Amino acid sequence: MGIFNRSKNTAATATATVPAVQGPDLAHLTGDYAIDAAHSKIGFAVRHAMVTNVRGEFAEYEGKLHLDGSNPAASTAELVIKVASISTGQAQRDEHLRTGDFFDAAAHPEITFTSTSAERVDGDTYRLHGDLTIKGTTRPVALDLEFTGAATDVYGAERVGFEGGTTVDRTSWGLTYNAALETGGVLIGEKVKLTLDVSAVRAS
């Protein structure tokens with residue numbers, strides 16, 4: 001997943017060089033993991049009618065990670081989301097989101113993300129760069145993720161956790177549908193906040 005890459009930022013002065021902040025030793029986490037969708041969430045929020053946010057999530061997705069704590073550049077991440085599983089808690093709105101006005105789920109049934117590189121920002125925070133494909137269009141994005149911990153659960157499964165997200169402009173992926181409001185402004189905001197709360201299990 002490349003998220004354990006440590007930056008090499010240094011602050012130089014005339015007399016000394018301050019080393020980059022060191023993060024936790026994560027070499028023991030090296031291995032392959034699968035995202036546990038039953039204990040994870042991929043959500044979003046977008047401004048509605050200029051006054052509030054509509055929130056939703058995708059219920060069906062698969063993801064795999066290869067974490068390399070000793071050689072972060074060798075880490076990778078892949079995610080495949082089923083567009084038809086979108087849910088905002090309102091059936092009519094969900095059906096509209098599946099149409100060609102928005103995601104066109106019939107023609108483009110999947111949203112995908114593939115990591116390309118990563119960097120450590122500070123402490124347990126990492127920035128994961130990758131390609132996000134929606135509705136046949138691929139654009140680069142950067143996800144800010146916090147490593148929330150690792151543990152062995154009651155069934156003996158080794159887990160790691162991350163949470164974070166990013167903000168994207170939906171129009172960059174061809175999601176341009178909108179409507180003008182009588183009082184000014186538009187019905188749907190262009191900026192979409194994407195959130196991830198991920199639990200991943202080490203492959204046996």
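S.K.: Requested: an account of the overall build of the protein, with residues and values cited.
M.R.: Helix and strand counts for the protein come out as 1 helix and 13 strands. Per-residue burial over the protein gives 37% buried out of 204 residues. Carbon and sulfur atoms make up 52% of the accessible area of the protein, which totals about 11,200 Å².

S.K.: Break down the packing of aromatic side chains for me, citing the residues and quoting the values.
M.R.: Aromatic ring pairs are reported here in terms of the distance separating the ring centres and the angle at which the planes meet. Per the stated rule, a full pass over the model turns up 4 aromatic pairs. Judged by centre distance (5.6 Å) and plane angle (50°), the rings of phenylalanine 147 and phenylalanine 162 are tilted. One end of the pair, phenylalanine 147, is in strand 11 (residues 137-152); the other, phenylalanine 162, is in strand 12 (residues 158-169), and 15 residues separate them in sequence. The exposure class of phenylalanine 147 is buried, given its relative accessible area of 9%. A relative accessible area of 2% places phenylalanine 162 in the buried class. Aromatic rings pair up to connect Phe44, Phe58 and Phe103 into one cluster.

S.K.: Requested: an account of the nonpolar core, with residues and values cited.
M.R.: Formed by 42 residues in total, the largest nonpolar core has its most connected members in Phe58, Phe103, Ile111 and Val160. If you tally residues by element for this core, the top one is strand 13 (residues 188-202), at 5 residues. Phenylalanine 58 has contacts with Ile42, Phe44, Ile81, Lys82, Val83, Ser85, Ile86, Phe103 and Ile111, leaving out every residue within four places of it along the chain.

S.K.: So what's going on with a nonpolar patch on the surface? Residues and values would help.
M.R.: A grouping of Met50, Val51 and Val186 is seen on the molecular surface, where their side chains present a nonpolar patch of about 280 Å² in accessible area. Turning to its location among the elements, methionine 50 is positioned in the loop between strand 4 (41-48) and strand 5 (52-58).

S.K.: Outline a negative patch on the surface, listing residues and values.
M.R.: Together, Asp124, Glu146, Glu163 and Asp197 line one region of the surface with negative charge. Position of glutamate 163 among the secondary structure elements: in strand 12.

S.K.: So, the side chain of lysine 135: which residues are in play, and what are the values?
M.R.: Structurally, the position occupied by lysine 135 is in the loop between strand 10 (125-134) and strand 11. Despite its burial, lysine 135 pairs with no opposite charge, the nearest such side chain being aspartate 104 at 5.6 Å. Among the polar contacts made by the side chain of lysine 135, one reaches the main-chain carbonyl oxygen of glycine 100 at a distance of 3.0 Å. Separated by 2.7 Å, the side chain of lysine 135 and the backbone oxygen of phenylalanine 102 make a polar contact.

S.K.: Any chance you could break down the confidence of the model for the protein for me, citing the residues and the numbers?
M.R.: The predicted coordinates should not be examined in detail at positions where pLDDT is low. Looking at the protein, pLDDT values average 88 and 88% of them are 70 or higher. For the stretch residues 1-21, pLDDT sits under 50, and the model shows 52 contacts to residues farther than four places along the chain or on other chains.

S.K.: Tell me about the layout of surface pockets, and please be specific about residues and values.
M.R.: Of the pockets and cavities examined, the largest pocket occupies roughly 880 Å³. Lining the largest pocket are 48 residues, with Phe44, Phe58, Phe103, Val192 and Leu194 positioned closest to its centre. Here the residues of the lining of the largest pocket are counted per class, giving 35 nonpolar, 9 polar and 4 charged.

S.K.: For a positive patch on the surface, give the residues involved together with the corresponding values.
M.R.: A cluster of like positive charges, contributed by Lys41, Arg47, Arg55 and Lys193, occupies part of the molecular surface. In this fold, arginine 55 is placed in strand 5.

Analysis parameters
- Residues numbered from 1 in each chain as written.
- Predicted model: local features only at pLDDT ≥ 70, side-chain atom pairs only at ≥ 80, totals over all residues.
- Heavy atoms only, no water.
- Helix = DSSP H or I, 4+ residues; strand = E, 2+ residues; numbered from the N terminus.
- Buried < 20%, exposed > 50% of the residue type's maximum accessible area, 1.4 Å probe, protein only.
- Areas by Shrake-Rupley, 256 points an atom, 1.4 Å probe, with all protein chains shown as cover.
- Phe/Tyr/Trp six-rings, centres within 6.5 Å; stacked < 30°, edge-to-face > 60°.
- Core = buried A, V, L, I, M, F, W, Y, C linked by side-chain atoms within 4.5 Å.
- Contact = heavy atoms within 4.5 Å.
- Patch = residues over 30% accessible without salt bridge, like charges linked within 9 Å, V, L, I, M, F, W, Y side chains within 5 Å.
- Salt bridge = Lys/Arg side-chain N within 4 Å of Asp/Glu carboxyl O.
- Lys, Arg positive; Asp, Glu negative; His and termini not counted.
- Charge placed at Lys NZ, Arg CZ, Asp CG, Glu CD.
- Polar contact = N/O pair within 3.5 Å; in protein donor to acceptor, adjacent residues only side chain to side chain.
- pLDDT = per-residue confidence, 0-100.
- 1 Å grid on protein atoms, 1.4 Å probe; cavity = no way out; pocket = protein on both sides within 12 Å on 5 of 7 lines; lining within 4 Å.
- Points joined across faces, edges and corners; volume = space filled by probe spheres on them.
- Nonpolar A, V, L, I, M, F, W, Y, C, P; charged D, E, K, R; others polar.

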